[in-house]
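In case you want the letters, here they are:
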Amino acid sequence: MMCQLVTGGAGFIGSCYVLQARKRGVRVINLDKLTYAGNMDNLDALRGDGGHVFVCGDIGNAELVAHLLDSYRPDAVVNFAAESHVDRSIMDPEAFVRTNVLGTSTLLRVVKDWWHTLPPQTAAAFRFLHISTDEVYGALQPGDEPFAETTPYSPNSPYSASKAAADHLVHAFHETYGLPTLVTNCSNNYGPRQFPEKLIPLMILNALEQKALPVYGKGANIRDWLHVEDHCAAVARVLEAGQPGRKYNIGGHAERANLDVVRAVCAILDDMAPSSQGSYARLITFVADRPGHDFRYAIDSTRITEELGWKPKHDLDSGLLETVRWYLDNAAWVEHVRSGAYRQWLVRNYAGRA
Ligand code: NAD
Ligand code: DAU
């Protein structure tokens, strides 16, 4: 049985990856610090599953990471752990440097030291896969070619700058030490279990509470939406067949202006959960723009499609329908996230443990 050390596996994308990996029979050691974005409810389906070992800890804790590598001897490390929200990076850039840059740097160093002790065949088969973002490439204007793997880095927010720094470190560990690394750069994910600070879940939950739907600027900024399950399937494929030292862009082929996405969410809610006060679209409120707001992201996924045969399976229209349905059907998840009840679970579960 394969064994993978997955970091950030209690977050939105990491938990989806862990659930898929368990379905494939991969043993998962899940290292997550359980920041505000980490949520054990995301892993509910794995309760009692002996093939999933959850460890609450920081990727920057060298001793802990070394201990996990020695104890479980994973075939791969998949690094999802990060501070991931652009608006938070504008308020507190250093938290992003700590985890995304220093944390990744420590993780790389400890993995590299352990990897050097492996027998040659095991070392050759080992992989370190780092999850990055399309934001490292900067901003596109309408009509520009989508980002390719060769597009120069030009990050504009503290978040994207920290992710770019991490990508450079991963590349350096491949070039300098020969560590078999892979980097994936994906577009905006959406789907079940996304923390409601991000555009789509924020709009769904605000609408249901009859709160304003805050659209930055004129809502003209464009994102390329990728279903989280398609993203995680792509990551698994890169791990399986990607060429060490290489980068792979992953996109949803679904570019939309933010205002169109918000209107689509409102239209779905009008249908699924009609309000007696009229269409949810009446709640759309234009607010001050995000500083340094990148205008457009779009991904050219030719490499992963041609080399590895991956393509997204979800289209945005049906993916959005299914996502809104998930939030309507999972009131307990929503309530726990809102009330912070999953934090109480953390205190209860870990209090007094070594
Ligand atoms: P998320 O914020 O939902 O989850 C991040 C997870 O990492 C949380 O469970 C958190 O507890 C954990 N974590 C944070 N700091 C940690 C640390 N120091 N040590 C261990 N665990 C830590 O993020 P997400 O949206 O699931 O994103 C996952 C990865 O994908 C990130 O690297 C992000 O940059 C990247 N990414 C996200 C998107 C997107 O649209 N959400 C798009 C492109 C790339
Ligand atoms: O492109 C990949 C990136 O996508 C990931 O690397 C990030 O981790 C992820 O958070 C996401 O970044 P964005 O900034 O694009 O996502 P967010 O959901 O915050 O915003 C999407 C768009 O919607 C963006 O143009 C800003 C806008 N927006 C966002 C919020 C939260 C609004 O108009 N109003 C809002 O309230």
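Coordinates for the structure precede this section.
Residues numbered from 1 in each chain as written. Chains lettered and ligands numbered in written order. Predicted model: local features only at pLDDT ≥ 70, side-chain atom pairs only at ≥ 80, totals over all residues. Heavy atoms only, no water.

**As for the overall build of the chain**
Assigned secondary structure in the chain consists of 13 helices and twelve strands. Since a compact globule built from 354 residues should have a radius of gyration of about 20 Å, the 20 Å found for the chain is in line with a globular shape. Seen through its principal axes, the chain has C-alpha atoms that stretch 65 × 50 × 35 Å. Buried positions account for 55% of the 354 residues belonging to the chain. Charge-centre separation for the chain: the mean point of 34 positive side chains lies 4 Å from the mean point of 40 negative side chains. (Helix = DSSP H or I, 4+ residues; strand = E, 2+ residues; numbered from the N terminus. Rg over C-alpha atoms; globule rule 2.2 N^0.38 Å. Buried < 20%, exposed > 50% of the residue type's maximum accessible area, 1.4 Å probe, protein only. Lys, Arg positive; Asp, Glu negative; His and termini not counted. Charge placed at Lys NZ, Arg CZ, Asp CG, Glu CD.)

**Focus: the site of ligand 2**
In the vicinity of ligand 2 lie 23 residues, with Thr 133, Asp 134, Tyr 159, Arg 290 and His 293 positioned nearest. Between Tyr 216 and ligand 2, the recorded distance is 2.8 Å, taken from a backbone N or O atom to an oxygen atom. Residue His 293 places a side-chain N or O atom 2.7 Å away from an oxygen atom belonging to ligand 2. Relative to its free-state accessible area of 690 Å², ligand 2 is covered by the protein chains to the extent of 94%. Elements with a minimum of two residues in the shell around ligand 2: helix H3 (86-91), helix H7 (199-208) and strand S8 (213-216). Residue contributions to the shell around ligand 2 peak at three residues, all from S8. Tallied by class, the residues present in the shell around ligand 2 amount to eight nonpolar, eight polar and seven charged. (Near = heavy atom within 4 Å. Polar contact = N/O pair within 3.5 Å; in protein donor to acceptor, adjacent residues only side chain to side chain. Areas by Shrake-Rupley, 256 points an atom, 1.4 Å probe, with all protein chains shown as cover. Nonpolar A, V, L, I, M, F, W, Y, C, P; charged D, E, K, R; others polar.)

**Notes on the site of ligand 1**
The full set close to ligand 1 counts 28 residues, and Ile 13, Asp 32, Ser 84, Tyr 159 and Lys 163 are the nearest of them. Here Asp 58 contributes a side-chain N or O atom positioned 3.0 Å from a nitrogen atom of ligand 1. A distance of 2.7 Å separates an oxygen atom of ligand 1 from a polar side-chain atom of Lys 163. Compared with its free state, where it exposes 830 Å², ligand 1 has 96% of that area covered by protein. Of all the secondary structure elements, the ones that give two or more residues to the shell around ligand 1 are helix H1 (12-23), strand S5 (127-133), helix H6 (158-177) and strand S7 (188-190). Among the elements that take part in the shell around ligand 1, S5 stands out by supplying three residues, more than any other.

**A few points about the pattern of salt bridges**
Across all of its chains, the model carries 14 salt bridges by this definition. Among the ionic pairs, Lys 211 bridges to Glu 209, the shortest N-O distance being 3.5 Å. Relative accessible area serves as the criterion here: at 40%, Lys 211 is assigned to the partly exposed category. The exposure class assigned to Glu 209 is partly exposed, which follows from its relative accessible area of 38%. What emerges from the salt-bridge pattern is a single network uniting Arg 88, Glu 197 and Lys 198. (Salt bridge = Lys/Arg side-chain N within 4 Å of Asp/Glu carboxyl O.)

**Let's talk about the packing of aromatic side chains**
By the definition in use, this model includes twelve aromatic pairs. Ring centres 5.2 Å apart and planes at 75° place the aromatic pair Tyr 36 and Phe 195 in the edge-to-face group. Taken as a pair, Tyr 36 in the loop between strand S2 (27-32) and strand S3 (52-56) and Phe 195 in the loop between S7 and H7 lie far apart in primary sequence, 159 residues in all. With relative accessibility at 15%, the residue Tyr 36 sits in the buried group. Ring geometry for Tyr 327 versus Trp 333: centroids 5.9 Å apart, planes at 80°, classification edge-to-face. Residue classification places Tyr 327 among the buried positions, given a relative accessible area of 2%. Connected via pairs of aromatic rings, a cluster forms that spans Tyr 137, Phe 147, Tyr 153 and Tyr 297. Over the face of the ring belonging to Tyr 36 we find Arg 88, whose NZ or CZ atom lies 3.4 Å from the ring centre. Lying over the aromatic face of Tyr 177, Lys 112 brings its terminal NZ or CZ to 4.4 Å of the ring centre. (Phe/Tyr/Trp six-rings, centres within 6.5 Å; stacked < 30°, edge-to-face > 60°. Lys NZ or Arg CZ within 6 Å of the ring centre and 35° of its normal.)

**Let's talk about the packing of helix H11 (residues 316-329) against helix H12 (residues 331-339)**
Packing of H11 against H12 leaves a shortest axis separation of 5 Å and a crossing angle of 75°. Relative to H12, H11 is oriented roughly perpendicular. Contacts between H11 and H12 involve Trp 326, Tyr 327, Leu 328 and Asp 329 on the former and, on the latter, Ala 331, Trp 333 and Val 334. A breakdown of the residues in the contact of H11 with H12 according to their chemical character gives six nonpolar, no polar and one charged. (Axes fitted to C-alpha atoms, helices over the stretch in contact; angles between N-to-C directions. Parallel < 35°, antiparallel > 145°, perpendicular 65-115°, else oblique. Contact = heavy atoms within 4.5 Å.)

**What about the side chain of Asp 224?**
With respect to the element layout, Asp 224 can be found in strand S9 (residues 222-227). Buried within the structure, Asp 224 lacks any salt-bridge partner; Arg 256 is the closest side chain of opposite charge, at an N-O distance of 7.9 Å. For Asp 224, the contacting residues outside a window of four places in its chain are Ser 187, Asn 188, Gly 251, Gly 252, His 253, Ala 254, Glu 255, Tyr 297, Ala 298 and Ile 299.

**Looking at unusual backbone geometry**
Positive phi is not limited to glycine here, since Leu 34 has a value of about 55°. Positive phi outside glycine occurs at Arg 193, with the angle close to 70°. Of note, Arg 193 is situated in the loop between S7 and H7.

**Examining the environment of His 293**
Checked against the element boundaries, His 293 lands in the loop between strand S12 (284-287) and helix H10 (302-308). His 293 gets classed as buried once you look at its relative accessible area, which sits at 15%. Non-local contacts of His 293, meaning those with residues more than four positions away in its chain, are made with Tyr 216, Asn 221, Arg 223 and Asn 258. A distance of 2.6 Å separates a polar atom in the side chain of His 293 from a polar atom in the side chain of Asp 289.

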